[in-house]
Amino acid sequence: MNAPTGSAPQCLVVNGEKLPAGSGGSEELCRALERALVARGRQPRFTVRVRVEPRSILTADVTLADGRTLPALHMAEMDRPITKDTLNRFGRAIVDHATGGERQ
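Residues numbered from 1 in each chain as written. Predicted model: local features only at pLDDT ≥ 70, side-chain atom pairs only at ≥ 80, totals over all residues. Heavy atoms only, no water.

Mind showing me how you'd approach the environment of Leu 19 here?
Mapped onto the elements of the fold, Leu 19 is located in the loop between β1 (10-14) and α1 (25-40). When the C-alpha positions of Leu 19 and Ile 82 are compared, they lie 7.0 Å apart, and in sequence the two are 63 residues distant. Not counting residues up to four positions away in its chain, the partners in contact with Leu 19 are Gly 25, Ser 26, Val 52, Leu 58, Ile 82 and Leu 87. (Helix = DSSP H or I, 4+ residues; strand = E, 2+ residues; numbered from the N terminus. Contact = heavy atoms within 4.5 Å.)

Would you explain the sheet that holds strand β4 (residues 73-76) in this entry?
Backbone hydrogen bonds are what pair the strands of a sheet, in a parallel or an antiparallel way. What the 4 strands build is an open sheet, ordered β1-β2-β3-β4; its pairing is mixed. Looking at the sheet topology across the chains shown, the edges are occupied by β1 and β4. For this sheet, the mean inter-axis angle between neighbouring strands, taken without regard to orientation, is 15 degrees. Here strand β2 (residues 46-53) pairs with strand β3 (residues 57-64) via 8 bridges, running antiparallel. Considered in β3, the bridge of Arg 51 is made with Thr 59. Most of the contacts of α1 go to β1, to which it runs at about 145 degrees, and overall it touches β1 and β2. Across the sheet, helix α2 (residues 84-98) lies against β2, β3 and β4, angled at about 30 degrees from β3, the strand it touches most. (Pairing = 2+ DSSP bridges. Axes fitted to C-alpha atoms, helices over the stretch in contact; angles between N-to-C directions.)

I keep staring at the pairing of β4 and nothing clicks. Help me out?
Two faces belong to every sheet, and in a regular strand the side chains alternate between them. Going residue by residue along β4, you find Leu 73 and Met 75 tucked away on one face and His 74 and Ala 76 left uncovered on the opposite face. Bridge analysis of β3 against β4 gives 4 bridges, and the strand direction is antiparallel. When the sheet's bridge partners are listed, Ala 60 is paired in β4 with Leu 73. (Buried < 20%, exposed > 50% of the residue type's maximum accessible area, 1.4 Å probe, protein only.)

So far we have only geometry, and geometry alone does not tell us how the molecule works.
Now the structure itself:
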């Protein structure tokens, strides 16, 4: 899934079909990322590739505009299925990770 707008960061979700239907899937994950950026007032300066792995583990690989790759970011939802709330929290975590936790 690539983010649909030119102003949004490139968002690619691998194995998105493994996300529960109730979570909103790959599209919802990319929208969560966009919402987190808007909430922070940040201009996108990175791309993200999220892998949906077994046991409800999400892994994000972030590449900054200058080509630097950040360490992988992981999130696991062990005690319940992945939900829209999970995707929203992961979207915020990705933005924090990509921006170095800067507050504006």
